[in-house]
Amino acid sequence: MSADKCIEYIKARLHNSLNPKGAKNQKFEEALTEEGPAREAIEEFCGGGNKRLLVATLGRGDVPEVTNELPETFRRKLIYFLKPPEIDPNNKLDISDLRNKVLCAELTDNLLENLKGLMNEIVCPLVRTPKNREGWPSVSTKEVMLHLDKYMSSLHVAVGQSAGRTLLPPPVPQAYDENIPEAERVHHLQSVVIEWSQLISDITSKTPEMLHEKGNPTPLEEIKFWKEKAADLENVQKQLQSEQTQGVIKILSEKKSPYIKDFKELETKVGTSIAEARENLQFLKALEKYFKEISNCMEFDETPLLFPPLLHLMILVWKTSKTYNTKKRLLNLMQEVSNLVIEKASAHCAGQEIWKHVENEDTKEAKKLLQQAVDICKKLKVSFAEYQKIASQELPENGEAWDVDANDVFIRLNTFIERCKDVDEFLSVHLCFDKLQPGRIVFGSSKGLELTEHLEKVYAKFTKSAKEFQDVKYDVIDIDADEFDDDFFAFRMKIRQLERTLGAMLIDGYEDITTILARYDLLEAFGDIIQRPLIKDALEKKQHTLLKEYRDELISVQARFLEERDNPCLDVNKSPLAGVLQWCKGLMGRIEVAENSIDRYTMDTKNGDLAKEVVQLHETVIKMMKDFMNEKIEAWKGEVKGSSQTKLDLPLLTREEDTRKLNVNFDPSLVRLLQEVRYMHLLHLDVPDYAEVIYEQHEKYREFTGKLELVKNMYNEMITTLHPVEYPLIAEEVKNMDGLLEDGIASINWNSDVAREFIDKNLKKTTEIYQRVTLMHDNFKKIMDKLESFALVPLFERKAKTITAYAQGELLKTIATEKDKGRLIDLDGKQREFAKLLASTCKSLEVDKGSDIWKNYLIYVEESIEKYLAKNIVVSTQALLDQFDEKKLAKGEVMPLVTVKLELEGKEVELNALSDEKKVDPDDIDAKDIFKIVLDWAKDFFHVGSVMKKFSDGKDYLDRLKDNKTEIELFLDKKRGTIKTSVDQQMKTLQAVLDRTQASTSQLRKQFEDFEALWATSLEDEFQSFMELLEQKKEKWMKANEGKSMSPMTESEIELKEFEKKIVKYRKFRTEVESMDSPVEIGWLKINCDPIKNTLEEWVTKRINNFTSYLFNEVTFKLNTVEMQMIEVNKGLKEVSPDSPNVSQELKDVLGYIQTVRTREKEVKNMFEPMRATVKLLTKYGRPFSEEENKSLTDAPQKWEATCKKVDKVSESIQKLQTAEVEKIKARVREYFDTVLSVRRDFQNQDAFNFGAGIEAAYKSMEEQYNKLNEVENRIDNLTAEELLFECENKSASYKKKVELCRHENKNLKIIWDFASLVHWMFTEWEKTLWNDIDAEKLGEECKKLQKQFRKYKKQCGQYKAYLGLDDKIKNMMVILPLISDLHSESMKDRHWDRLMKETKKHFVMGPKFCLKDMIDLDLHKFQDTVGDIV
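None of the values given here were measured: they were computed from a predicted structure. (Residues numbered from 1 in each chain as written. Predicted model: local features only at pLDDT ≥ 70, side-chain atom pairs only at ≥ 80, totals over all residues. Heavy atoms only, no water.)

## Some points on the overall build of the chain
Then, in step 1: Per the secondary structure count, the chain includes 53 helices and 13 strands.
Then, in step 2: The buried share of the chain, taken over its 1431 residues, is 44%.
Then, in step 3: Within the chain, residue pairs in contact and separated by at least 24 positions form 72% of the contacts whose partners lie at least 6 positions apart.
Then, in step 4: As displayed, the chain has an accessible area near 78,800 Å², and 50% of this comes from carbon and sulfur atoms. (Helix = DSSP H or I, 4+ residues; strand = E, 2+ residues; numbered from the N terminus. Buried < 20%, exposed > 50% of the residue type's maximum accessible area, 1.4 Å probe, protein only. Contact = heavy atoms within 4.5 Å. Areas by Shrake-Rupley, 256 points an atom, 1.4 Å probe, with all protein chains shown as cover.)

Shown next as structure tokens:
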């Protein structure tokens, strides 16, 4: 509670100190109330979290930030709580300590302001109060006050400096104290003037060059410098003009102080400096626009556009300014502009950006960024040089101000450019070495593998070196990072070593390769890296060798040409002439490839004799090939001159007689001619006129042949692919199409004028029919494809791991019926798609939906659909059967499918498929039967037949699928191949697998059923049988020992032996149960035996505990009983004094304890040894006693012996008192006998004996007698106890017989009056019966039953008057009821009723409310004869 109060106190304090919006700031309240860092910090501070400090300040959004550590910086006011040393931070904080001992204070973000306020408001008033300085020596007081005042002056100056202002310190108060000597006062004033002079001198001597000492300033920082300097100087000027300052000057002037002259010069200098700062600020403001544009320019490449206007404006400033137009100012400003450009360039090509491009394999883009940065820096230098020339012309009087050395101006810019070049060099090296990535270059020949592996190592070393350079901690573009030079030098050295290695590798690879083209490929693969100086030097010696090899290559090509020219190897797709020309072109291309490489890699040896020889040989070989090509062309021209034109007079089409297929009749020689001419055009060769004439029509022939090929293909495809049920749908259309095609087969040739019209007409007609057929086939194929894809995906899936049957069932339901994704939902959607496709087919073919040909087609489609539905069932069932594959299960290729529990259901061992998440009736047998569940999964696969409906009659496929025995081919896998099966066969196979598994599980169940003894009988029955057996064992022992009494130890041994047998038996059961495996995998079933094992172990534990608990409780009960008796006896046994005022009661108490001990003395002594044997047995079988209980058992015999001795001793000491008390007891017994006799007499006179007393009085009387008898009986018991206690004659016991007699009679009376209450209630209910509703015979039967039941008590109660009275009441009713039956006679008239009233002397009215009670009130039992006469 105290911690909560502390938290509330702190929250209230923070709310008052920090909350800027009062109670309305909900975020502030939530941060302190809800769980979070703030709340946690407060609770640790208050709750003993070893935190001595609590700090709070306002963060963003006015939300409090509370921590247990002082922050390095803070923007607003801060409040803190600090525990003093006397408060232990590990203990919870008390509210009184929080209020009285914990320091709570506030800080602002300016600590010097805080300090100044503390000094002014607390320290100075305390020190300056005379009362607080009482007893101080005067010298000490003076010194302390002087130091305090000087400290306050220094603090005043420091506060100003922290805010960027110069504050002149005030004179110390001693300078105006008249009690101090004048010389000393003047000294104080002079000291403050000296300090003022120093401060003013410091500010006036500030220049923008000083900014370079703190970093690399930009022009914007110089503008800020002049602005702050002007404001500071103006502030100083105001302070100099203040009354206090002028007073000091006046006093020192009067005293002719030597410091006044210098100080006044400083005053003048302040004014001059203000004017200078204002003017410089004014001119720089004009340039500020361009500085900001450079700083904020979004596109770095646009920055150079700002240089000319900026420099031009600077010249104008130098023309007009009087203070800023110096060489020093120009040098500083341009250095600042350079810094600004460097800053932008560094951001543009920052090292992080460079490395990002390198990582993304975009090194060229990184180089581009660097080049842009360098170009813009150079443009600044160029622009400045140009405007230097302009300034020399436009500033004739001050031109030398712009005559500065560019190296001095751009010292940092030049360094930046050099840095960019260094980084660019790194990128160039990176680009070169990137081509060495593993896999890009593979050396061939004998050393290929070795060189390739070595190359990979070189690349790895380069990658490592490059990575080390890239991973430096600084930005490589930052020119202030001096470590760059050392790192880059180290990188260069590593690269030089790698280049030497690469040069040597290239030479080895070059020499190991045997063909010139392979050598060219090797050099080409290395790319630009071979231009690296060290590598280039290594390869220079191989140029002459390259020329020789090229010469050899020319000779080789020439030899091959001469050898193969008469029978070259031609491309099969080329015509003869085109093939020959292509072969020659290939050889020429081989030479040209080599020639290009020679030109590139042998530039340094072109003027040698070998080079000239190679050129001449090249020209000879090329000329030889060209002559051969011309010769072949001339030969071809002679061949095709006469035969081509006659081929064009052939008919367009031909038909095969046997198959009725069409063929396009365009001669192959014409095709070759067109190909040759086309190739000759490509080679720019002359073509004969007759060939050119035919070729000019090549587009027409290409068009004709193309269209006719379409017609042929469509027609042939239709007549060969139509199914017998499909052909009738378009038979008429095919007949019309044949009629149109006949002219093209008989008469129309390639030169006919009507050829185009014929082709277009047939193409249109054929296309139209083909599109219909294609649509029909496509729609049918779409249906079959969708069904095929559906059929191949089983409706059965499983998780990789073994799951419960319920989870697997839910998975299958999800697969089948999940919204928008379920397979059956998908199939239902396909049904609608199929209907649309068939409707589209019907509409396209223009067929009557009611026609027989269309119905036959639908039946054909449905048969195909049924096949795929059956296939899906087979696939799904096979997927399920695959989970039961014993070989796969044995190898672990599949996990068992489902897990079930083996449980004890009632008294039967059963498999239970119910899982914890399954919310079904636990008594549902089918829900537990895993084999039925699996079979139901397979049956659910048939639902595809109920989802899909037939298009011909709307019925489903379900019945047909159930009886489907169609053989289906199913590919299982590469190992098992393809099987042929059916739906019926698959279901039989599944059932057989389930039967085998069920048989196997029966064996497992049998193992557990062997433990049936554990649950077959209840614990109580077993223990009762055991105890009976134990008694039989004891009786058998007695008979064997001829009736000899059994000692407690012997009895214990017999009992413990039998108990141990039971315990050992069940412990053996437990061992056997624990050793049984769980889970057990039987094929596809993973059986969790833990439930039944746990149940059996529980039964074993219960059985064992049933016996051990009995023994344990017996021992503890006996031991505790003896312990409690000993404690009670030892506490109560004491000497009884004859003089005690309560001697009689004390004597009774002591004798009671003595009697207790003596009664159990022998029994207790004999019980300890059996108890120890029992403890030993229990300890042996895991039911040990505690150390305390064992000690109690060990000490108990000695304690009992000591108690018995104490009893004997006390008994002797009270012998005389006991004798005297016995006489008193005898007198009390005799006196109470008269009381007992009186109670007996009163009992016999009670109202309950008289039936006329009534039920209520009788019950009251019996209750009073019952209570009185209890009192008497208790008194007799007390007297008997006293007699037994004092060991005198027991006479009071005989009194109890009279009490027992009274109790017996009272019980009999209770029986009579309980029956009387029943009779009274029944008769009262009968009396309410109206006259016409009375069934006298039925009531008479009820009355007989009452009389018969009541007379059962006649033997024990018949002598009582109450019994006789109740018996008379019942008899009277039995007399009245027959009379009432007689009076119900229809012969009864009014005169008869009048006579009855006269005889009974009672009047009544036979109205609607006349009931049985009215008749009973007549006392008809007294007028039985009279009623008989009347009736």
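Don't stop here, the text continues.
## Regarding a negative patch on the surface
Then, in step 1: On the surface, Asp478, Asp482, Glu483, Asp485 and Asp486 cluster together to form a negatively charged patch.
Then, in step 2: Within the secondary structure layout, aspartate 482 lies in the loop between α17 (448-470) and α18 (483-512). (Patch = residues over 30% accessible without salt bridge, like charges linked within 9 Å, V, L, I, M, F, W, Y side chains within 5 Å. Salt bridge = Lys/Arg side-chain N within 4 Å of Asp/Glu carboxyl O. Lys, Arg positive; Asp, Glu negative; His and termini not counted. Charge placed at Lys NZ, Arg CZ, Asp CG, Glu CD.)

## A closer look at helix α9 (residues 243-254)
Then, in step 1: The terminal C-alpha atoms of α9 lie 16 Å apart, and with twelve residues this matches the ideal 16 Å at 1.5 Å per residue to within 8%.
Then, in step 2: Three or more residues of α9 are buried, namely Thr245, Val248, Ile249 and Leu252. Burial along α9 is one-sided: seen end-on, the buried residues are contained in an arc of 95°. Those residues of α9 that are exposed and aimed more than 90 degrees away from the buried face are Glu243, Lys250 and Glu254.
Then, in step 3: On its buried face, α9 sits against α7 (182-204), α8 (219-240) and α10 (259-296).
Then, in step 4: After α9 finishes, the residue lysine 256 shows a positive phi value of roughly 55°. (Expected span 1.5 Å × (residues − 1). Arc of directions from axis to C-beta.)

## Examining the pattern of salt bridges
Then, in step 1: Evaluation of the coordinates by the stated rule reveals 42 salt bridges.
Then, in step 2: Ionic pairing is found between lysine 707 and glutamate 703, a salt bridge with its closest N-O pair at 2.8 Å. Separated by four residues within a single helix, lysine 707 and glutamate 703 lie in helix α27 (residues 698-721), roughly one turn from each other.
Then, in step 3: Between glutamate 768 and arginine 772 there is a salt bridge whose closest N-O contact spans 3.1 Å. Here the residue glutamate 768 and the residue arginine 772 both occupy positions in helix α29 (residues 755-792), the gap between them amounting to four residues, near one helical turn.
Then, in step 4: In this structure glutamate 768 comes out as partly exposed when scored by relative accessible area, which is 33%.

## Thoughts on the packing of aromatic side chains
Then, in step 1: On inspection of all chains with the given rule, the structure shows 22 aromatic pairs.
Then, in step 2: Ring centres 6.1 Å apart and planes at 90° place the aromatic pair phenylalanine 931 and tryptophan 1084 in the edge-to-face group. Here phenylalanine 931 is found in helix α35 (residues 930-940), whereas its partner tryptophan 1084 is found in the loop between β12 (1080-1082) and β13 (1085-1088), with 153 residues between them in sequence. Residue phenylalanine 931 shares its accessibility class with tryptophan 1084, and that shared class is buried.
Then, in step 3: For the ring pair phenylalanine 1323 and tryptophan 1326, a centre distance of 5.2 Å and an interplane angle of 35° mean the geometry is tilted. Of this pair, phenylalanine 1323 and tryptophan 1326 both sit in helix α47 (residues 1296-1327), three residues apart, roughly one helical turn. (Phe/Tyr/Trp six-rings, centres within 6.5 Å; stacked < 30°, edge-to-face > 60°.)

## Re the nonpolar core
Then, in step 1: Counting residues in hydrophobic clusters, the biggest one holds 150 residues, and the most contacted among them are Phe884, Ile930 and Trp1084.
Then, in step 2: Apart from the residues lying within four places of it in its own chain, the contact partners of isoleucine 930 are Ala805, Val898, Val900, Leu911, Ala913, Trp1084 and Leu1085.
Then, in step 3: Leu281, Ala373, Tyr387 and Val429 belong to the second-largest nonpolar core, a separate cluster that totals 75 residues. (Core = buried A, V, L, I, M, F, W, Y, C linked by side-chain atoms within 4.5 Å.)

## Side note on the packing of helix α41 (residues 1048-1074) against helix α42 (residues 1090-1132)
Then, in step 1: Between α41 and α42, whose axes approach to 9 Å, the crossing angle comes to 165°. Here α41 is positioned roughly antiparallel relative to α42, judged by the angle of their axes. The handedness of the crossing between α41 and α42 comes out as left-handed. Mapping the contact onto sequence places Leu1056, Phe1059, Lys1062, Ile1063, Tyr1066, Arg1067, Phe1069, Arg1070, Val1073 and Glu1074 in α41 and Lys1093, Leu1096, Glu1097, Val1100, Thr1101, Arg1103, Ile1104, Phe1107, Thr1108, Tyr1110 and Leu1111 in α42.
Then, in step 2: Its residues assigned to classes, the contact of α41 with α42 comprises twelve nonpolar, two polar and seven charged. (Axes fitted to C-alpha atoms, helices over the stretch in contact; angles between N-to-C directions. Parallel < 35°, antiparallel > 145°, perpendicular 65-115°, else oblique. Left-handed = near helix turned anticlockwise from the far one by under 90°. Nonpolar A, V, L, I, M, F, W, Y, C, P; charged D, E, K, R; others polar.)

## Overview of the layout of surface pockets
Then, in step 1: Empty space within the largest pocket amounts to approximately 640 Å³.
Then, in step 2: Along the walls of the largest pocket sit 22 residues, with Lys206, Leu211, Lys214, Phe225 and Glu228 positioned nearest its centre.
Then, in step 3: Breaking the lining of the largest pocket down by element, the ones donating at least two residues are α7 and α8.
Then, in step 4: With six residues, α8 is the largest single contributor of residues to the lining of the largest pocket.
Then, in step 5: In terms of residue class, the lining of the largest pocket is made up of six nonpolar, six polar and ten charged. (1 Å grid on protein atoms, 1.4 Å probe; cavity = no way out; pocket = protein on both sides within 12 Å on 5 of 7 lines; lining within 4 Å. Points joined across faces, edges and corners; volume = space filled by probe spheres on them.)

## Some thoughts on empty space enclosed by the protein
Then, in step 1: Within this structure, the stated rule accounts for one cavity of 30 Å³ or more.
Then, in step 2: The volume enclosed by the largest cavity comes to roughly 30 Å³.
Then, in step 3: Lining the largest cavity are Val1236, Val1239, Arg1240, Leu1269, Lys1298, Val1299 and Cys1302.
Then, in step 4: When its residues are assigned to classes, the lining of the largest cavity shows five nonpolar, no polar and two charged.

## Quick notes on the side chain of asparagine 762
Then, in step 1: In this structure, asparagine 762 sits in helix α29.
Then, in step 2: Every residue in contact with asparagine 762, bar those within four places of it in the chain, is listed here: Val711, Met737, Leu740, Leu741 and Thr767.

## Comments concerning the environment of glutamate 44
Then, in step 1: Inspection of the secondary structure assignment puts glutamate 44 in helix α3 (residues 37-46).
Then, in step 2: For glutamate 44, a relative accessible area of 27% puts it in the partly exposed group.
Then, in step 3: Linking glutamate 44 and leucine 54, residues ten residues apart in sequence, is a C-alpha distance of 9.2 Å.
Then, in step 4: Excluding anything up to four places from it in sequence, glutamate 44 contacts Gly49, Lys51 and Asn68.

## Describing the environment of alanine 345
Then, in step 1: Mapped onto the elements of the fold, alanine 345 is located in helix α12 (residues 327-348).
Then, in step 2: Between the alpha carbons of alanine 345 and isoleucine 376 there is a distance of 8.3 Å; along the sequence they are 31 residues apart.
Then, in step 3: Residues contacting alanine 345, with those up to four places away along its chain left out, are Phe300, Ala373 and Phe416.

## Some remarks on the sheet that holds strand β1 (residues 53-58)
Then, in step 1: Across the sheet, which stays open at both edges, the four strands sit in the order β2-β1-β3-β4 with antiparallel pairing between neighbours. On the outer flanks of this sheet lie β2 (64-67) and β4 (103-107), each paired with one strand and no other. The sheet shows a mean angle of 15° between the axes of neighbouring strands, direction not considered.
Then, in step 2: Sheet topology places strand β3 (residues 78-82) next to β4; five bridges connect them, and they run antiparallel. Residue pairing across strands places phenylalanine 81 opposite cysteine 104, the latter belonging to β4.
Then, in step 3: Sheet contacts for α3: β1, β2 and β3; angle to β2, the most-contacted strand, approximately 40°. (Pairing = 2+ DSSP bridges.)

## Focus: the packing of α27 against α29
Then, in step 1: Here α27 crosses α29 at 35°, and the two axes come no closer than 9 Å. Crossing of α27 against α29: the hand is left-handed. Contacts between α27 and α29 pair Lys700, Glu703, Phe704, Lys707, Leu708, Leu710, Val711, Met714, Tyr715, Glu717, Met718 and Thr721 from the former with Ala755, Arg756, Ile759, Asp760, Asn762, Leu763, Thr766, Thr767, Ile769, Tyr770, Val773 and His777 from the latter.
Then, in step 2: Class assignment for the residues of the contact of α27 with α29 results in 13 nonpolar, five polar and six charged.

## With respect to the side chain of threonine 802
Then, in step 1: Here threonine 802 lies in the loop between α29 and β7 (803-804).
Then, in step 2: Within polar-contact distance, the side chain of threonine 802 engages the backbone oxygen of proline 896 at 2.7 Å.
Then, in step 3: Setting aside residues up to four positions removed in sequence, threonine 802 forms contacts with Met895, Pro896, Leu897, Val898, Thr899 and Lys1086. (Polar contact = N/O pair within 3.5 Å; in protein donor to acceptor, adjacent residues only side chain to side chain.)

## As for the pairing of strand β9 (residues 908-912)
Then, in step 1: Of the strand pairs in this sheet, strand β8 (residues 898-905) and β9 are connected by five bridges, and their pairing is antiparallel. Residue pairing in the sheet places lysine 901 in a bridge with asparagine 912 of β9.
Then, in step 2: Hairpin connection of β8 to β9: two residues between the antiparallel strands, including glycine 906 at a positive phi of 65°.

## Thoughts on unusual backbone geometry
Then, in step 1: Residue serine 1078 is joined to proline 1079 through a cis peptide bond whose omega torsion reads 0°.
Then, in step 2: Positionally, proline 1079 belongs in the loop between α41 and β12.
Then, in step 3: With phi around 60°, arginine 660 is a residue other than glycine that occupies positive phi space.
Then, in step 4: Turning to its location among the elements, arginine 660 is positioned in the loop between β5 (653-655) and β6 (662-664).
Then, in step 5: Notably, glutamate 846 is not glycine yet its phi reads approximately 55°, a positive angle.
Then, in step 6: With respect to the helices and strands, glutamate 846 occurs in the loop between α31 (823-845) and α32 (852-882).
Then, in step 7: By relative accessible area, glutamate 846 is classed as exposed at 62%.

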